[in-house]
Each structure stands twice: as C-alpha cells, then as structure tokens.
Amino acid sequence: MPTNKQPVSLERFADAINLIFDRFDALEAKIGIKPPESANEKPITSRELCEYLGISEPTLIRMKKKGQVPFFSPGGTAVRYYLSAVMKALEKKPK
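Conventions we followed
- Sequence order sets the numbering: in each chain, residues are counted from 1 along the sequence as written.
- Residue-level local features of this predicted model are given only where pLDDT is at least 70; pairs of side-chain atoms are given and counted only at 80 or more, and the full residue set underlies all totals for whole chains, interfaces and linings.
- With hydrogens and water set aside, each side-chain value is computed from the structure's full complement of heavy atoms.
- Runs of E in the DSSP output that reach at least two residues are strands. Runs of H or I that reach at least four are helices, and both are numbered from the N terminus.
- For the area figures, the Shrake-Rupley method with a 1.4 Å probe applies, and any residue is considered shielded solely by the protein chains shown.
- Each salt bridge in this description consists of a side-chain nitrogen of Lys or Arg and a carboxyl oxygen of Asp or Glu lying within 4 Å of one another.
- Classification of residues uses two cut-offs on accessible area relative to the type maximum, computed with a 1.4 Å probe and protein chains only: under 20% is buried, over 50% is exposed, and between them is partly exposed.
- At least two DSSP bridges between two strands are required for those strands to pair.
- Nonpolar cores were defined as sets of buried Ala, Val, Leu, Ile, Met, Phe, Trp, Tyr and Cys residues, with membership established by side-chain atoms within 4.5 Å.
- Contact criterion: two residues are considered in contact whenever any of their non-hydrogen atoms come within 4.5 Å of each other.
- We call Phe, Tyr and Trp rings a pair once their centres come within 6.5 Å, taking the six-membered ring for Trp, and we label the pair stacked below 30 degrees between planes, edge-to-face above 60, and tilted otherwise.
- Both a distance and an angle decide whether a charge sits over a ring: NZ of Lys or CZ of Arg must be within 6 Å of the ring centre and within 35 degrees of the ring normal.

Student: What am I meant to see in the overall build of the protein here?
Tutor: Of regular secondary structure, the protein possesses four helices and two strands. Secondary structure elements of the protein occur, N-terminal to C-terminal, as α-α-α-β-β-α. A total of about 7900 Å² of accessible surface is found on the protein, and carbon and sulfur atoms cover 57% of it.

In structure tokens form, the structure reads like this:
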C-alpha cells in the first residue's frame, strides 16, 4: 500500500469514514445480519429457533451453511438469530 505523506483534510477524512459505514451497512443488509427494524426484538438461540421451526439442530446447521437463514455471532462460538429476519429469509426461499 503506497504511503502518502500529504495531510488529509478533516472533511475528506470524515467523508471516507462515512463511505466505510455506508458500505458496511449495505453488506450487513445483503448478508442478512443487520438487526431487524424493531430494535426491541431479542435475538434467539439455535435451540429456540429449532423449537419454533420444528426442525433438528443438524438441519438448522445445514440451512445456515447453505445461507438459507441469517445469523450473527455475538462473540466466541455463540450464534444468535432474529426470528423476523429468519422468517423473512424463509419466505423468499425458492421451493
């Protein structure tokens, strides 16, 4: 990466940061990890989602690997889901 020793204006720096955040938001929305419109929705665990959908955990893992259900990891190996985002994704799923 080339280094540029010229100072960058604060305005250009702010524009660059805003562009990064815009692209990050677009990426989150595209891959389905952006929190739902309702900020009050509590994320659920894999077990809770399996119970709700009436499927086994291995089935959920396969669906997750195929990109059929949006999820996020709050840290470590934990995985969480927003039920509204999952239901929306499953409605779009081709049959």
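Student: What should I look at first to understand the pattern of salt bridges in this one?
Tutor: Where charged atoms from two side chains of opposite charge come close, those side chains can pair. Within the structure shown, the criterion is met by one salt bridge. We note a salt bridge from R47 to E57, for which the minimum N-O separation is 3.9 Å. One end of the pair, R47, is in helix α2 (residues 46-53); the other, E57, is in helix α3 (residues 57-65), with 10 residues separating them in the sequence.

Student: How should the environment of R47 be read in this particular structure?
Tutor: Residue class for R47 comes out exposed when judged on its relative accessible area of 55%. For the pair R47 and L60, spaced 13 residues apart in sequence, the C-alpha separation works out to 9.3 Å.

Student: Please clarify how the pairing of strand β1 (residues 72-75) should be interpreted in this entry.
Tutor: Working note: regular strand, side chains alternate between the two faces of the sheet. Bridging between β1 and strand β2 (residues 78-80) involves two bridges; their strand directions are antiparallel. Bridge pairing links F72 to R80 in β2. In this structure, the hairpin formed by β1 and β2 is closed by a connection of two residues, where G76 is found at a positive phi of approximately 65 degrees.

Student: What am I meant to see in the nonpolar core here?
Tutor: One recurring pattern in soluble globular proteins: nonpolar side chains tend to sit buried together. By size, the foremost hydrophobic cluster in this structure holds nine residues: I44, L49, C50, L60, M63, V69, V79, Y81 and V86. Those elements giving two or more residues to this core turn out to be α2 and α3. Excluding its chain neighbours within four sequence positions, the residues that come into contact with Y81 are P43, I44, T45, S46, L49, L60, K64, V69, P70, F71, F72 and V86.

Student: Would you mind showing me how to read the packing of aromatic side chains here?
Tutor: Centre distance and the angle of the planes are the two values used to describe a pair of aromatic rings. Under the counting rule described, the total for this entry stands at two aromatic pairs. For the ring pair F71 and Y81, a centre distance of 6.5 Å and an interplane angle of 55 degrees mean the geometry is tilted. One end of the pair, F71, is in the loop between α3 and β1; the other, Y81, is in the loop between β2 and α4 (83-92), and 10 residues separate them in sequence. When its relative accessible area of 29% is taken as the criterion, F71 is described as partly exposed. Among the residues examined, Y81 registers a relative accessible area of 1% and is labelled buried. Ring plane angle 20 degrees and centroid distance 5.2 Å describe the contact between F72 and Y82, whose orientation is recorded as stacked. You can see F72 sitting in strand β1 and its partner Y82 sitting in the loop between β2 and α4, a full 10 residues away along the chain. By relative accessible area, Y82 is classed as buried at 15%. For the cation-ring pair, K64 lies above F71, with the distance from its terminal atom to the ring centre recorded as 5.1 Å.

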